[in-house]
Structure formats: structure tokens, C-alpha cells
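# Secondary and tertiary structure notes
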Amino acid sequence: MKLIPALILSACTHAMVQAPAYAQSVADCYQTTLEQPSRPDRIIAVCTEAIRGSSGLSRSSALVSRGVGHERNNNLDAALADFDEAIALNPSNNWARSNRANIWRQKRNYDRAISELNEILRNDPQFIGAYVDRGMVHQERGDIQSARADFQAVLGMKSSQAALEKWAKETA
């Protein structure tokens, strides 16, 4: 007789709906992107799992990292979709905008890339990476004067060396 209550308790415990446990966090996703840049499939897998367990700003950040994985796999359309969703969730996510601008540059849609980079600089005039990226777009278009102006703007900024090193590390 004591066995039946135990079986009922066991059945009820298994029937209870629990929130899914995700093994990968948004921090894991970001770390994988930084520490394993040559393994885009791993980045995509870790970040996809992190995205399943996140929402809002965290989800936006994980989408950026997964987008970087797609870009490294040369799947520009998947990367663009992730960056678009990241921006929809957090319109002030300048890292998503910066990466989206880079995709537009790779697709040779220079007007959209410049527009995206200008938006970043409207939001944050000290976002050094946007000046560097915009300078590269201008250079690819053959507008050497505008490219030079953007590169010189970076050199004229206070603490540009530290900011450039930070930008280079985060975009590597």
C-alpha cells in the first residue's frame, strides 16, 4: 500500500511542466565568438542555444554574436537576418548596426552601409569603429577624400588608441 502513494507522487513530479534549461548563456555565446573565431559553426551552435533561452537586450546581443558566426561562414543573408532582428529588439545596438553595415559593404551596397554608419554616429559620435568602417567604405567607393577625413577623425579623438584597440578586439 505504501508503494502506490510513492508511484502517484513520482508520476505527478514527472508530469509537472518545467522551464527548459539551456546549457549555453548569452555570455557563453559572446565568449565563444571571441575565443573561437575560426570555428563559426561552434559560434552558431552555442549562440542558437543561448538565443532560445533569452529575450530582450540579451537576445539582441546573442543575435549579434550568431550573426558574426554566419558572416564568418560567408552566409551573409543569415548574418543580415540576425543583425536585423537584433536591431528590431534593440534599436540602439550599435554593434548590430556596425556588423550590418559591414554586410552591406561586403554586398557592395555602399549607400546602405554609409547610411547605417551615419546612424551609429548620430547615436554615438565617439563610436570609433563607425569612422573606421565608413572610411573603408569610402575608400572602396574610390572617395579617398572622405575616407581620409574619417580616418583623420579617429586620430584626432581623445583616447583613440585605447578605443581603437577595444574596437579591433571586439571585431576580430
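Residues numbered from 1 in each chain as written. Predicted model: local features only at pLDDT ≥ 70, side-chain atom pairs only at ≥ 80, totals over all residues. Heavy atoms only, no water.

Helix and strand counts for the chain stand at ten helices and zero strands. For the chain, the sequential pattern of α-helices and β-strands runs α-α-α-α-α-α-α-α-α-α. When the 172 residues of the chain are sorted by exposure, 40% land in the buried category. Of the roughly 10000 Å² that the chain leaves accessible, carbon and sulfur atoms contribute 53%. (Helix = DSSP H or I, 4+ residues; strand = E, 2+ residues; numbered from the N terminus. Buried < 20%, exposed > 50% of the residue type's maximum accessible area, 1.4 Å probe, protein only. Areas by Shrake-Rupley, 256 points an atom, 1.4 Å probe, with all protein chains shown as cover.)

In a regular helix each residue adds 1.5 Å, so 13 residues correspond to 18 Å; helix 9 (residues 144-156) covers 18 Å between its end C-alpha atoms and thus fits that length. Of all the positions in helix 9, only Ala147, Asp150 and Val154 are classed as buried. What you see down the axis of helix 9 is that its buried residues fit within an arc of 65°, all on one side. Of the exposed residues in helix 9, the ones pointing more than 90 degrees away from its buried face are Gln145, Leu155 and Gly156. (Expected span 1.5 Å × (residues − 1). Arc of directions from axis to C-beta.)

This part covers the confidence of the model for the chain. Residues of the chain with pLDDT of at least 70 account for 78%, and the chain-wide mean is 84. Below pLDDT 50 for its whole length, residues 3-22 participates in three contacts with residues either more than four positions away or in separate chains. (pLDDT = per-residue confidence, 0-100. Contact = heavy atoms within 4.5 Å.)

Looking now at the pattern of salt bridges. This model, assessed by the stated rule, comprises ten salt bridges. Arg59 serves as the salt-bridge partner of Glu85, at 3.3 Å between the closest nitrogen and oxygen. With Glu85 in helix 5 (residues 76-89) and Arg59 in helix 4 (residues 56-72), the pair connects residues that are 26 residues apart, well separated along the chain. Look at Arg59 and you get partly exposed, because its relative accessible area is 23%. Among the salt bridges present, the one from Lys107 reaches Asp77, with a minimum N-O distance of 2.7 Å. In this pair, Lys107 is assigned in the loop between helix 6 (94-106) and helix 7 (110-123) and Asp77 in helix 5, connecting sequence segments 30 residues apart. In this structure Asp77 comes out as exposed when scored by relative accessible area, which is 53%. When salt bridges that share partners are traced, they join Asp84, Arg97, Arg100 and Glu116 into one network. (Salt bridge = Lys/Arg side-chain N within 4 Å of Asp/Glu carboxyl O.)

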